[in-house]
Amino acid sequence: MEILKHHDHEEASCHRHKLLHCIIHATLQVATLAVAAVTLAEVEKLHQKVNALRRK
């Protein structure tokens with residue numbers, strides 16, 4: 001019966017590892033999107049400044 005207990009433990013550990021991997025992956029995706037959004041906002045601000053300078 002010890003073998004079955006050990007197997008269950010390994011499976012639970014593997015499941016936890018997969019879950020952790022998914023959480024890390026999702027966090028990285030969100031961080032990347034946030035950085036992209038901020039970068040786009042900054043580029044847009046720069047673009048508006050350039051346009052304002054051109055109008056003068």
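Heads up: the structure comes first, above all this text.
The structure contained in this document is the topic of the report that follows.

The rules behind each value
- Residues numbered from 1 in each chain as written.
- Predicted model: local features only at pLDDT ≥ 70, side-chain atom pairs only at ≥ 80, totals over all residues.
- Heavy atoms only, no water.
- Helix = DSSP H or I, 4+ residues; strand = E, 2+ residues; numbered from the N terminus.
- Buried < 20%, exposed > 50% of the residue type's maximum accessible area, 1.4 Å probe, protein only.
- Areas by Shrake-Rupley, 256 points an atom, 1.4 Å probe, with all protein chains shown as cover.
- Patch = residues over 30% accessible without salt bridge, like charges linked within 9 Å, V, L, I, M, F, W, Y side chains within 5 Å.
- Salt bridge = Lys/Arg side-chain N within 4 Å of Asp/Glu carboxyl O.

**A look at the overall build of the protein chain**
Reasoning step 1: Counting its secondary structure elements, the protein chain contains one helix and zero strands.
Reasoning step 2: Within the protein chain, the proportion of its 56 residues that are buried is 0%.
Reasoning step 3: For the protein chain, the exposed surface amounts to about 5700 Å²; the carbon and sulfur share of it is 69%.

**Quick word on a nonpolar patch on the surface**
Reasoning step 1: A cluster of nonpolar residues, Leu20, Ile24 and Leu28, forms a patch on the protein surface that exposes about 300 Å² of accessible area.
Reasoning step 2: Along the polypeptide, Leu20 turns up in helix α1 (residues 2–55).

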